[in-house]
Amino acid sequence: MTKKNKQLHPAPRRVRRVLRRFFLLALLVMCTVIAAPTLVSRTALRNTLLGMALPSSGWRIESQSALFGWTGTQSLYGVSIFDPEGNPLFIAESINCDRSLLALIADQTDLGKIRLQQPTVYLVTHPEGSNVEDLLTELVPEEKASSETQSTLVVEIIEGIVHGLDSTTQQKWSLAGTNVIANLQGDISGSAKIEVAQSGDLSQFKFKLHKMESGGQQLDLLAERLPLHVLQPWLARAIPGAQLTGSLTIDAPQLRWSMDPQRGLLLQTKGRIEVQDFAFTSAAFQGDTLVSQQIQVPWQLSIADDQISIEHMEVVSDWSKINAQGTLSLSELVAWDTNNLLQGNTSVVGEVALNRLAAMLPHTLQLREDVQIDTGQLTFQAGNQPSKPGLAWTASVEIQDLAGRHRGQPIHLQPVHGQVVLAGSFQSPRIEQLSINAPFAEALFGTDQDTVAGDIQLDLDAFTHELGQFVDFGTWQFAGQAQLHAELQLMDNTLHLHSSAGTINNLRVQSDTLSIDEPRVQFSGKIVWDKVAQNFSSQEFQ
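The numbering scheme is per chain: residues are counted from 1 as the chain's sequence reads. Note on the predicted model: pLDDT of at least 70 is required for a residue's local features to be given, and 80 or more for side-chain atom pairs to be given and counted; whole-chain, interface and lining totals, by contrast, use all residues. Note that water and hydrogens are dropped before the side-chain values are worked out from all heavy atoms of the structure.

Participant: I'd like a rundown of the overall build of the chain, residues and numbers included.
Facilitator: Counting its secondary structure elements, the chain contains ten helices and 29 strands. Under the scheme applied here, a residue whose accessible area is under 20% of the maximum for its type counts as buried, over 50% as exposed, and between as partly exposed, the area being computed with a 1.4 Å probe on protein chains only. Across the 542 residues of the chain, 32% fall into the buried class. In the chain, the proportion of contacts linking residues at least 24 apart, taken out of those at least 6 apart, comes to 47%. Of the roughly 33000 Å² of accessible surface on the chain, 56% is carried by carbon and sulfur atoms. Secondary structure elements follow DSSP: runs of H or I no shorter than four residues count as helices, runs of E no shorter than two count as strands, and numbering proceeds from the N terminus. We call two residues in contact whenever any of their non-hydrogen atoms come within 4.5 Å of each other. Values of accessible area rely on a 1.4 Å probe in the Shrake-Rupley scheme; residue burial ignores everything except the protein chains shown.

Participant: Explain a nonpolar patch on the surface to me, and be specific about the residues and the numbers.
Facilitator: The patches described consist of residues with a relative accessible area above 30% and no salt bridge, like charges being joined within 9 Å and nonpolar side chains (Val, Leu, Ile, Met, Phe, Trp, Tyr) within 5 Å. The term salt bridge refers to a side-chain nitrogen of Lys or Arg lying within 4 Å of a carboxyl oxygen of Asp or Glu. Taken together, the side chains of Leu45, Leu49 and Met52 make up a nonpolar region of the molecular surface, amounting to roughly 310 Å² of accessible area. Its location among the elements puts Leu49 in helix 3 (residues 45-51). A relative accessible area of 41% places Leu49 in the partly exposed class.

Participant: So, unusual backbone geometry: which residues are in play, and what are the values?
Facilitator: If you check the backbone angles, Gln286 has positive phi at about 55° while not being a glycine. Among the secondary structure elements, Gln286 is positioned in the loop between strand 14 (264-281) and strand 15 (290-304). For Gln286, a relative accessible area of 43% corresponds to the partly exposed category. At Asp401, a residue that is not glycine, the phi angle is positive and equals roughly 55°. Its location among the elements puts Asp401 in strand 20 (residues 393-406).

Participant: Please set out the packing of aromatic side chains residue by residue, giving values where relevant.
Facilitator: The geometry of an aromatic ring pair is captured by the separation of the ring centres together with the interplanar angle, meaning the angle of the planes. Stacked, tilted and edge-to-face pairs are distinguished by plane angle, under 30 degrees for stacked and over 60 for edge-to-face with tilted covering the rest, among Phe, Tyr and Trp rings (Trp via its six-membered ring) whose centres lie within 6.5 Å. In total, this model carries seven aromatic pairs according to the counting rule given. Geometrically, the ring pair formed by Phe280 and Phe285 is edge-to-face, given 5.7 Å between the ring centres and 90° between the ring planes. Given a relative accessible area of 13%, Phe280 falls into the buried group. Phe285 gets classed as buried once you look at its relative accessible area, which sits at 15%. Consider the rings of Phe440 and Phe463, whose centres lie 5.3 Å apart with planes at 85°: the pair is edge-to-face.

Participant: Give a detailed account of the environment of Met360, specifying residues and quantitative values.
Facilitator: With respect to the helices and strands, the residue Met360 is situated in helix 9 (residues 354-360). With a relative accessible area of 13%, Met360 lands in the buried category. Aside from chain neighbours lying at most four places away, what touches Met360 is Asp288, Thr289, Leu290, Val291 and Trp319.

Participant: Provide a residue-level description of the pattern of salt bridges, including the pertinent values.
Facilitator: As a working rule, side chains carrying opposite charge can pair if their charged atoms are close by. For the structure on display, the rule yields ten salt bridges. The partner of Glu156 in a salt bridge is Lys113, and the shortest N-O contact between them spans 3.0 Å. One end of the pair, Glu156, is in strand 8 (residues 152-166); the other, Lys113, is in strand 5 (residues 110-117), with 43 residues separating them in the sequence. Residue Asp374 is joined to Arg405 by a salt bridge in which the shortest nitrogen-to-oxygen separation is 3.2 Å. Of this pair, Asp374 sits in strand 19 (residues 371-384) while Arg405 sits in strand 20, and the two are 31 residues apart along the sequence. In this structure Asp374 comes out as partly exposed when scored by relative accessible area, which is 31%. Where salt bridges share partners, they join Lys113, Arg115 and Glu156 into one cluster.

Participant: Outline the side chain of Ser317, supporting the account with residue identities and numerical values.
Facilitator: Within the fold, Ser317 resides in the loop between strand 16 (307-316) and strand 17 (320-329). A polar contact is formed between the side chain of Ser317 and the side chain of Ser320, at a distance of 2.7 Å. Excluding residues that lie within four positions of it along the chain, Ser317 makes contacts with Ser292, Gln294 and Ile295. For this analysis, a polar contact is any N or O atom pair within 3.5 Å, provided that within protein one partner can donate a hydrogen and the other can accept it, and provided that sequence-adjacent residues contribute only side-chain to side-chain pairs.

Participant: Hey, could you go over the side chain of Gln232 for me, with residue numbers and the actual values?
Facilitator: As for its position among the elements, Gln232 is in helix 6 (residues 232-238). Once you skip the residues sitting within four places of it in the chain, Gln232 turns out to touch Thr169, Ala242, Gln243 and Leu244.

Participant: Go over the environment of Leu507 with me, naming the residues and quoting the values.
Facilitator: By the element assignment, Leu507 lies in strand 27 (residues 494-510). In the structure, Leu507 is positioned 14 residues away from Val521 in sequence and 7.5 Å away in space, judged by C-alpha atoms. When residues no more than four places from it in sequence are discounted, the contact partners of Leu507 are Leu460, Ala479, Gly480, Ile516, Asp517, Glu518 and Val521.

Participant: An account of the nonpolar core is needed here, citing residue identities and associated values.
Facilitator: To form a nonpolar core, buried Ala, Val, Leu, Ile, Met, Phe, Trp, Tyr and Cys residues must be joined to one another through side-chain atoms within 4.5 Å. In this structure, Phe278, Leu290, Leu357, Ile373 and Phe470 are the most contacted members of the largest nonpolar core, which totals 48 residues. What Ile373 contacts, discounting residues up to four positions off in sequence, is Asn355, Ala358, Leu367, Leu402, Ala403, Gly404 and Phe470. If you look at the next biggest cluster of nonpolar residues, it comprises 13 residues, including Leu54, Trp59, Ala66 and Leu89.

Participant: Before we move on, could you go through the confidence of the model for the chain and cite the residues and values that matter?
Facilitator: Per-residue pLDDT for the chain averages 82, and the proportion of residues at 70 or more is 80%. A residue's pLDDT is simply how confident the predictor is in it, with values from 0 to 100. Looking over the chain, one finds the lowest element-wise mean pLDDT in helix 1 (residues 3-8), namely 51, and the highest in helix 9, namely 95.

Participant: Run through the pairing of strand 16, naming residues and quoting values.
Facilitator: In this scheme, strands are said to pair when DSSP sees at least two bridges between them. With seven bridges connecting them, strand 15 and strand 16 associate as antiparallel partners. Looking across to strand 16, one finds that Ile303 is bridged to Ile308. Where strand 15 folds back on strand 16, the antiparallel hairpin that results is connected by two residues, among which Asp305 adopts a positive phi of roughly 55°. One ladder, built from eight bridges, connects strand 16 with strand 17; its direction is antiparallel. For Val315, the partnering residue across the bridge sits in strand 17 and is Ile322.

As structure tokens, then:
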């Protein structure tokens, strides 16, 4: 054989050598792929890959061991998540997924069942939020469009625990014995117990969400003696200095709802809320505390055809009572369109015991020292009269029998009454009548076409005498008699308030920083409120 033929046809020995290397390489790659789950689960690479799921700002996740497999279940043992300061946020004895890696790759929409064995969350709240919110904010910095692909997943929590700590008040609470089974596309049920560290009080709640045979869903909820102070850190964000205590019980069996193509949301619910030993205060209360030994809120309502039907709803406390019933438009309530909300056949009636309220809030109400209010009632009501054509809404408020003692001397306030009547059409409601009757003021307004006009009379001497029996004006003194004719008109998203023939006789206003003493003051002018710009402007005021 020539040299040229040897180059075109390699020797069989060289071919076998190349094939052997190829098969060895393929076998090595195949063994690496097969052994990859084991290599990851048994080496430090496990925690490295887990850490990629957390923000790079110091959050850390660790697991003591793991078991991964192409054909078996996936398990992590001794899982811990630490914040940037090294404090634990989450610890679980084990996290298990019953799907194999091959099955997850073949169908990524079926995530199987994930079981968390004895997970513990260390929730620390602070004025700006909580450690859980801090982590979630970094994990999801922006809202992302949700995928249309729906995944099936069942999550089971076995003997979960939450240890809560408010870093501001150092109050501690624990939620133990948490057992939850949640099918993201089906039924959810669970139960837990809450214990308050300082008092040792024990509360519990149970819930079950399941599908009905009719196609709708039903929620059964029972919560007994839930501590309200757990909500205090979140409440303080909206209300400065807020402090809340008491226990909450909710009994809401058979909350049923479904979506009907023609009738929209269909919902039926009946239940009861009860609060024991309620106490609330905030910075605005100036050291006072609003308390009630018991608050009860029974309700029964339904939703159908975009209408909320309130068959019965009541709020009863030691010092107040409010009752509501009727119908409201659901869509208009969400949009808060006041014109269309007036179309509902709704009534609200309430009363407040002013003597009990004054005993709790003397500083908030600026009461004088040594004032004791023995009696007093504030009543209010609002509702429409469906028997009349068009719009016929009436709202009124009245203060009666306000009396007490100041340093042993009897004090009494004459009745105060206010009422507003709306009429016209639902699309263009108008104030048919607005009246105020008090021992120190009278006002009567009516509507002439698009303008609300009326007269106001204010006796500052009577104002000081009547309210001064109860309220501490400090160094302020008022005297004089005022008369005013005013007109109110809405034009092109602006509200115009005109005043003419305004007169104040024998005006006297005195305090530590101000002194006004005028035998007669006359004024007129116009104030404009821009609804779009949300600001006031004065014109032609003198």
